[in-house]
Amino acid sequence: MVDVTDYFEGGLEADDKSGGFDNSPVPEGHYQGKILNASPEANGENWNDPTGEHLSIEIEIVSSESKGRHLWKNITLTDKNSEFVEWGKQDLMRLMNAVGIGSLTKFEQLIGKVVEFDVEIKNSYNNIKRWAVAKEESKPTQSNGEDSSSDEKNPWD
């Protein structure tokens, strides 16, 4: 039988760290991040269509005091509501434009790409609203309630 000591000599002992990570929302604003993962997943029971699928994108922030924090963005791929699918398609195409992908045939093409985005806090969670082309030196800006992107707004905003 494989056990902890097979991986860690002498086993593991808890230290004084309480949790080890910060899962509070990052401040609203404009960020730059690197896409770490992009994979399709089945919708859960809390989705509009639990039988549908979405693209789950994991992004690591590479700018600001929130550097190193991770955010997730879900983009609808299939759903009983065709409007949700169209919104998801439009959002994915905006992301493609922002990272310089003209033709997307595999989701893994997104991995490693750097992109800028706006973050808002909605229901105590971060929500990525807009994608933009990453600039060389991106400094985060705090949200002042105005649209900081020239891209068109998402229809659900």
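Provided above is the structure to which this section pertains.
Residues numbered from 1 in each chain as written. Predicted model: local features only at pLDDT ≥ 70, side-chain atom pairs only at ≥ 80, totals over all residues. Heavy atoms only, no water.

Colleague: Where do I start with the packing of aromatic side chains in this structure?
Modeller: The description of an aromatic ring pair uses the distance of the two centres, along with the angle that the planes make with each other. Scanning all chains against the criterion turns up 3 aromatic pairs. Judged by centre distance (5.5 Å) and plane angle (35 degrees), the rings of Phe84 and Trp87 are tilted. Pair noted here: Phe84 and Trp87 are both in helix H1 (residues 82-99), with a separation of 3 residues, about one helical turn. Relative accessible area serves as the criterion here: at 24%, Trp87 is assigned to the partly exposed category. With centroids separated by 6.3 Å and ring planes inclined at 70 degrees, the aromatic side chains of Phe117 and Trp131 adopt a geometry described as edge-to-face. Remark: Trp131 occurs in strand S5 (residues 125-133) and Phe117 occurs in strand S4 (residues 114-122); sequence separation between them is 14 residues. Of the two residues, Phe117 and Trp131, both sit in the buried class. Put simply, the rings of Tyr31, Phe117 and Trp131 pair up and form one aromatic cluster. (Phe/Tyr/Trp six-rings, centres within 6.5 Å; stacked < 30°, edge-to-face > 60°. Helix = DSSP H or I, 4+ residues; strand = E, 2+ residues; numbered from the N terminus. Buried < 20%, exposed > 50% of the residue type's maximum accessible area, 1.4 Å probe, protein only.)

Colleague: So what exactly am I meant to see when it comes to the nonpolar core here?
Modeller: Across soluble globular proteins, nonpolar side chains show a tendency to be buried alongside one another. Ranked by internal contacts, the top residues of the largest apolar core, which has 22 residues, are Ile57, Leu95, Leu110, Phe117 and Trp131. Contributing elements (two or more residues each) for this core: strand S1 (29-42), strand S2 (53-61), strand S3 (70-78), H1, S4 and S5. The element that contributes the greatest number of residues to this core is H1, accounting for 5 residues. Leave out the neighbours within four places in its chain, and Leu95 touches Ile35, Ile57, Leu110, Val115 and Trp131. (Core = buried A, V, L, I, M, F, W, Y, C linked by side-chain atoms within 4.5 Å. Contact = heavy atoms within 4.5 Å.)

Colleague: Please explain a nonpolar patch on the surface as it appears in this structure.
Modeller: Taken together, the side chains of Val2, Val4, Tyr7, Phe8 and Leu12 make up a nonpolar region of the molecular surface, amounting to roughly 550 Å² of accessible area. With respect to the secondary-structure elements, Leu12 resides in the segment before S1. (Patch = residues over 30% accessible without salt bridge, like charges linked within 9 Å, V, L, I, M, F, W, Y side chains within 5 Å. Areas by Shrake-Rupley, 256 points an atom, 1.4 Å probe, with all protein chains shown as cover. Salt bridge = Lys/Arg side-chain N within 4 Å of Asp/Glu carboxyl O.)

Colleague: Whenever I open this one, the side chain of Asp49 confuses me. Can you help?
Modeller: Within the secondary structure, Asp49 sits in the loop between S1 and S2. Comment: no salt bridge for buried Asp49; closest opposite-charge side chain is Lys80, at 4.2 Å. (Lys, Arg positive; Asp, Glu negative; His and termini not counted.)

Colleague: Please explain the side chain of His30 as it appears in this structure.
Modeller: Inspection of the secondary structure assignment puts His30 in strand S1. Judged by its relative accessible area of 13%, His30 falls in the buried class. At 2.7 Å, the side chain of His30 and the side chain of Glu116 are in polar contact. Of note is the side chain of His30, whose polar atom sits 2.6 Å from the side chain of Asp118. (Polar contact = N/O pair within 3.5 Å; in protein donor to acceptor, adjacent residues only side chain to side chain.)

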